[in-house]
Amino acid sequence: MVGMFAMANYAVAADAPHEETGKSIAFDKSKGNCLACHAMPTVPDALSAGTIGPPLIAMSARFPDKAKLRAQIWDATVANPQTIMIPFGKHKVLTEQEIDKVTDFVYGL
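The structure contained in this document is the topic of the report that follows.

Rules used throughout
- Residues numbered from 1 in each chain as written.
- Predicted model: local features only at pLDDT ≥ 70, side-chain atom pairs only at ≥ 80, totals over all residues.
- Heavy atoms only, no water.
- Helix = DSSP H or I, 4+ residues; strand = E, 2+ residues; numbered from the N terminus.
- Polar contact = N/O pair within 3.5 Å; in protein donor to acceptor, adjacent residues only side chain to side chain.
- Salt bridge = Lys/Arg side-chain N within 4 Å of Asp/Glu carboxyl O.
- Buried < 20%, exposed > 50% of the residue type's maximum accessible area, 1.4 Å probe, protein only.
- Expected span 1.5 Å × (residues − 1).
- Arc of directions from axis to C-beta.
- Contact = heavy atoms within 4.5 Å.
- Core = buried A, V, L, I, M, F, W, Y, C linked by side-chain atoms within 4.5 Å.

## Focus on the environment of E19
Mapped onto the elements of the fold, E19 is located in the loop between α1 (2-15) and α2 (22-27). For E19, the side chain forms a polar contact with the side chain of K101, separated by 3.2 Å.

Laid out in structure tokens, this is it:
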């Protein structure tokens, strides 16, 4: 009986969803997909780097106000109406929490 209980707890733990990180969202082709357009030269596993957008490097220097970086990710058309960057928040591609996580990840690059 104890063995069955232990196995049941293991099955629940194995099926528990993992919490997504900003990096995993940014790399996910069905979500952030940042690598489709941006290189991340300081991230060793950022292999499929795009060249459409600027490289994501020294982001805290480029965006001293982290809120402006978040706003850029949420809707880049506010700062540049001609941008081709997807408005991830405005178009609900990412949730507010996902945008926060991606912002934290990108800000650290």
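## Some remarks on the pattern of salt bridges
Taken as a whole and judged by the stated rule, the model has eight salt bridges. The partner of K23 in a salt bridge is D45, and the shortest N-O contact between them spans 2.9 Å. Of the two residues, K23 is situated in helix α2 and D45 in the loop between α2 and α3 (59-62); the sequence distance between them amounts to 22 residues. A relative accessible area of 28% means that K23 is categorised as partly exposed.

## Quick word on unusual backbone geometry
Within the chain, N33 stands out as a residue other than glycine whose phi angle is a positive 50°. Within the element layout of this structure, N33 appears in the loop between α2 and α3. Phi angles above zero are rare outside glycine, and K92 is one such case at about 55°. Under the relative-accessibility criterion, K92 is labelled exposed at 70%.

## Quick word on helix α5 (residues 96-107)
Taking 1.5 Å of rise per residue, 12 residues should cover 16 Å, and α5 covers 16 Å from first to last C-alpha, within 8% of that figure. All buried positions along α5 are accounted for by E98, I99, V102, T103, F105 and V106. Within α5, the buried residues cover an arc of 165° as seen down the axis, which keeps them to one side. Residues of α5 that are buried make contact with α2, α3 and α4 (66-74).

## Topic: the environment of E96
With respect to the helices, strands and loops of the structure, E96 is situated in helix α5. Separated by 22 residues in sequence, E96 and W74 have C-alpha atoms that sit 8.6 Å apart. Apart from the residues lying within four places of it in its own chain, the contact partners of E96 are R70 and W74. Only 2.9 Å separates the side chain of E96 from the side chain of W74, close enough to count as a polar contact.

## Remarks on the nonpolar core
Counting residues in each nonpolar core, the largest one holds 19 residues, and the members touching the most others are M40, M59, F105, V106 and L109. At the level of elements, α2, α4 and α5 are the ones that each hand at least two residues to this core. Counting residues per element, this core draws most heavily on α5, which supplies four residues. Apart from the residues lying within four places of it in its own chain, the contact partners of M59 are L69, V106, Y107 and L109.

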